[in-house]
Structures are given as C-alpha cells and as structure tokens.
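Topology and contacts: notes
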Protein chains: 2
Amino acid sequence: LVNTFSAYGKAVEVRWAGAMEAAKYGALAVLVRSMTGSLDDYPHTGSMGYDSSGRKIPAFALSTVASELLSKTLESDPTSSVMLESDCRMLPDADSYNVIGELRGRSPERGILLAGGHLDSWDLGEGAHDDGAGCVQAIEAVRLFKLCQYRPMHTIRAVMFMNEENGLRGGKAYAEAAEKEQYPHRYAIESDRGGFVPQGFSFDVRSASEMAVFQGMRPYFSPYHSDYFFIGGGGSDIAPLKNTGTICIGLVPDAQRYFVHHHAATDVLESVDPRELSMGAAAMAAMLYLIDQTP
Amino acid sequence: LVNTFSAYGKAVEVRWAGAMEAAKYGALAVLVRSMTGSLDDYPHTGSMGYDSSGRKIPAFALSTVASELLSKTLESDPTSSVMLESDCRMLPDADSYNVIGELRGRSPERGILLAGGHLDSWDLGEGAHDDGAGCVQAIEAVRLFKLCQYRPMHTIRAVMFMNEENGLRGGKAYAEAAEKEQYPHRYAIESDRGGFVPQGFSFDVRSASEMAVFQGMRPYFSPYHSDYFFIGGGGSDIAPLKNTGTICIGLVPDAQRYFVHHHAATDVLESVDPRELSMGAAAMAAMLYLIDQTP
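First things first, this report covers the structure right here in the doc. These numbers come from a predicted model, not from an experiment.

Glancing now at helix α9 (residues 274–293) of chain B. With 20 residues, α9(B) should reach 28 Å at 1.5 Å per residue; the first-to-last C-alpha distance of 28 Å fits that figure. Its side-chain oxygen at 3.1 Å from the backbone nitrogen of B:Arg275, B:Asp273 defines the N-terminal cap of α9(B).

Right under this line is the structure:
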C-alpha cells in the first residue's frame, strides 16, 4: 500500500493478537515478523495484548531479515528448533507526567489551541520520530509565534503527553483535567507520524460542512505541497479531548520512511532530517495561526 | 526557499562565476561555500566557469561548517591566512558512451518514448541520487512493463546519458543521432532530481492547451500524491531533443533532502531509500503507459 499507515493498520493485528491466537494452538511463544516494509536487521517492537482467559505466552520481535532466514530454514528443515531467551517482564507502574508550555492569549476566553506530541517511546531507539519530532514541533510552533512577535487571541499550549505507547494515560488524564479548566480547548493538533515533509492535515470532523472552513485554508498550504486535507483521526493523545467538544487535527507528513524506523533501534536523531522536521513545525504553526485568525 | 532547486538555481551563480569575479580583484584563488542547506563537514563540488579573457584562478569547495569557521576566524582576526593545496587538473578528453536499452513497440511507426537519467557523476561520492537513481528508474520502468507483460505501442527506450555534469555531450550526441533515425522521439522523460518520493512532473510545453492532455491524467496520480503537474523544464540530457519536436517531461520528486547529498561524499547508495526510489520508477512507468495509451 502506498499509505504506509494503512499497511501498518492492517498488518499490526498479527503482532497484537499473535500470542493470543498461537496460545490456543498450544504454542510456547511467538516470533513476530517486524511491522516494516524495509528488509533489515532491526527488530521493531510494539504493543501486544493477552486474552484474560488464555495462557500468556511470550512474544519476540524479529527483524525482517531474520524472519526471511527463519522461513527459509523451516522450509529446508521443518524440524529446526529455535532457542528463545528473554529477560522482559512487566514492572509496577511508576509516576510520570505530561509536560506543558503555554503562550497566554490576548483573549483567553476564546479558549485554548493545543499543539502536541508524546514524550514516551519504545526502548530500542530514542523515539526521535516517534514522537520526539512531535514534541519538538509543538515547542517550535510556539517559538515561531514568539519569533514573529505574534500574540495570539487564543492561549496556545504545547503539550508533551506521557504514556501514549502503553495505555494513553497522559492523554486521558489531560482530557479529564481540561474539563475542569476555566476555558475550553477549541482545537488540538497532534504530530505523531514522524518528522518528515508535511503533506497536509487530517481533521476529526463529522461532516463535509465542518470541513468547509478548513478547505478554505488550503490555498495557504498549496505552495508548500502541504494541502492534502482529509477527514480522519487527529492523534491518539488528543482523542480523549473530543468528548469536551475539541476539534482534533493531525499533522500528516509523508510517511514512506516512517516504518523503517518505527519502534526500532534506528529511530534516533540521525534519522531525522532537520529541514523536514522544521517544515512540519511551520505547517503546524501556520494552522494554529489561521485558526487563531478565524472568528 | 521551500523549492530547493529554486534556491540552488539562485545561489549557484556564486560557484559558477566566483573565480571569474574574484580574479578581477586580484584574487589568487576562491573558496566556495557549498551549495547546500545542510550544516555539515562535506564539501559539495560542481561546475564553474572561466572568462576567456580573465585569469584562471583555482576554486575550492568548502563545507558549510568549514565556511562558518572561516567566517568567524576572519571576523576575529582579519589577518588570518589560509593555505591551499590542490592536485586538480583538466585531463584530455577520453571516449565515453551513452548506454541504451529498448523495448520494441507493437507499432514502432508511432515513435519512441524515452525514459532516462545520466551515468556520470561528481567524483566525491557515487552519484547515487545524481543520477544513479534516474538510470535505475529508467531501467525499472521498462522492467515493470515486461513484468506486467505489457507490450507498448511505441518503442520504449531507457537511456543512460553520459557527460551531463560536464558539457552535456551525451545528450547532444543522442539528439543528433535521433534526428537520423527512422522514427521520431515523441516524448522523453528524465529523472535527475534524486531518488525521492515522486510529487509529479514538469512538462516542457509552450501553452496551457498543450498541458490539457497531461492535466487529464492527474486523477491517476492523485492517490499517490504525485499529481503536481506544472509547465517547466524536462531535464538537461533530453533538452537537445526538443529541436526535433520531442515533448520533454521531468519527474519531480520531493527534493527537500536532495541538496544534502548533491555533488558530495554522501551521495552514495545508503542515502537512497529503496521504497522512495521505486515509487519514482512506478510514476515514470505510469506516465509512459498513459502516453502510450493516448491516441
């Protein structure tokens, strides 16, 4: 599939449910071929689930090259065996926190515009694309406003959410706290699809008429090839805000290379192109500006 | 500038004419800050010119990091000196060749469709993006036709031009030979902007009405975000074919990272993403197919 997120969405069920399904057939463990289009030596990890009633068998992430080798080995000798060793275990929960920065609006009663990403990441790499990029872009969007000496009408918040990868508790806690705030969250933009060249935005709206105001902004993004606007999810961390009436928006970058690095040891700073990252931040800032300017 | 080719086009005059201009003021040599948006340690080379009447002084490519250091050093101590040493020299011309592959058409009298790139590259790297990518994509486009068992009406030629970087003699010789061929070259597509995600095509046509037939093809490319079609140059190597009436087309990839590697030591295979490269080849094949299908 050209859309790598669609490909991931359809394939990831194997990782999520593999252990559950294999356990039913008496498996002792599962080896999960990594969810990447790239043929390399890097295992890609990610969340998986257990049936409350079934046996909990261990799951191991295997690189695509190792998976190919394993398949070929089993073809030539179906009696081959694999030795597995792991020291993975669940540790008790520990406190962690969302991190929030704010640029106060001139008319704070107009509400809050949120730009965000998530702080946590899988342990194999640094989480540079997933989602250091989103965190940095949210901060950069606010910095760009200050640089331009633009004082927004709305209060702009840069929010780095905690625990996206493993329970979404930062996003849920944030939405709960937001309900008790004096001013509502009008719009929230999340960047959680990598620090690549921006292509546009997805809007979590219910109808074409709700989209009309955003479609009117497209010409401002066309010169930058960032005018691919469509109805779709905004982002995991901001999704809980929907219950309070917030319109959620996702920054949509080109994602052809995203799953090369996703949840793997190569998701490090060196894999992020500074110019591509900056362009995403600028797109996010431009969207916040246009929303701020819209009565 | 968001369009890195426009930025390059406006900045490169400094490299091209720097030695000429500096010589007028008595300079012994010029140091040229590399034509890249990236701050790194890689000098980027490229063509430069001499006035037939002026002194020919040497020009040295300097990395952006080294250029920043030099500027700072000169600010703090204007009497600083630089030692330059080079063993560069012009060697006599030697024979080299264009390389051509052909898939014969079912109706060869309808003419030739050309897909091409150039074989030569600057010596610091491997020329993987500039222009190994274009060569591989031209071959791949023909391979895709064979894979689909599609026998085109037109003859399809994959042409790897020689000497793009230093005189364009491959392109000129090819156009001269093409004039003497039995069947005309109807359309030529060149890929010489790197092996990145395709965004669309530039069409070397003279009017909006000539563009109309191509604009009609846009919906086929929209699902792949490759439908950015505009009037512009096709490519250096194929440009000489214009005199014979060939319509020249350029494959236009996203070029945000192109000048990171352009004419530098990092323009190597590892800098090319196989998926992005393949998408460009597929876009090129799709364009050839649509042209072949158009009466």
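Now for a nonpolar patch on the surface. Together, A:Leu31, A:Val82 and A:Leu84 give the surface a local cluster of nonpolar side chains, amounting to about 210 Å² of exposed area. In this fold, A:Leu84 is placed in the loop between α3 (64–76) and β3 (99–103).

Okay, the environment of A:Pro78 next. For A:Pro78, the location among the structural elements is in the loop between α3 and β3. Residue classification places A:Pro78 among the exposed positions, given a relative accessible area of 65%.

Turning our eyes to something else, we now look at the interface of chain B and chain A. Between chain B and chain A, the residue contacts involve 17 residues of the former and 17 residues of the latter. For the pair chain B and chain A, the summed buried surface comes to about 1,400 Å²; carbon and sulfur atoms form 59% of the total. For chain B, the biggest contributors to the area lost against chain A are B:His225, B:Gln256 and B:Arg275; these three give 37% of the whole. Between chain B and chain A we count two salt bridges in total. When the shortest N-O distance is used, the salt bridge between B:Glu276 and A:Arg257 registers 3.4 Å. Across the contact surface, chain B and chain A share eight residue pairs in polar contact (both at pLDDT 80 or more).

All names here are of chain B. Going through the model one piece at a time under the given rule, you end up with two cavities of 30 Å³ or more. Volume-wise, the largest cavity comes out at about 40 Å³. Every residue along the wall of the largest cavity is listed here: Ser-121, Trp-122, Gly-125, Glu-126, Gly-127, Asp-130, Glu-165, His-263, Ala-264 and Asp-267. Tallied by class, residues from the lining of the largest cavity come to two nonpolar, four polar and four charged. When its volume is computed, the second largest cavity comes out at roughly 30 Å³.

Rules used in this analysis
Residues numbered from 1 in each chain as written. Chains lettered and ligands numbered in written order. Predicted model: local features only at pLDDT ≥ 70, side-chain atom pairs only at ≥ 80, totals over all residues. Heavy atoms only, no water. Helix = DSSP H or I, 4+ residues; strand = E, 2+ residues; numbered from the N terminus. Expected span 1.5 Å × (residues − 1). Polar contact = N/O pair within 3.5 Å; in protein donor to acceptor, adjacent residues only side chain to side chain. Patch = residues over 30% accessible without salt bridge, like charges linked within 9 Å, V, L, I, M, F, W, Y side chains within 5 Å. Areas by Shrake-Rupley, 256 points an atom, 1.4 Å probe, with all protein chains shown as cover. Salt bridge = Lys/Arg side-chain N within 4 Å of Asp/Glu carboxyl O. Buried < 20%, exposed > 50% of the residue type's maximum accessible area, 1.4 Å probe, protein only. Contact = heavy atoms within 4.5 Å. Buried area = accessible area lost by both parts, 1.4 Å probe. 1 Å grid on protein atoms, 1.4 Å probe; cavity = no way out; pocket = protein on both sides within 12 Å on 5 of 7 lines; lining within 4 Å. Points joined across faces, edges and corners; volume = space filled by probe spheres on them. Nonpolar A, V, L, I, M, F, W, Y, C, P; charged D, E, K, R; others polar.

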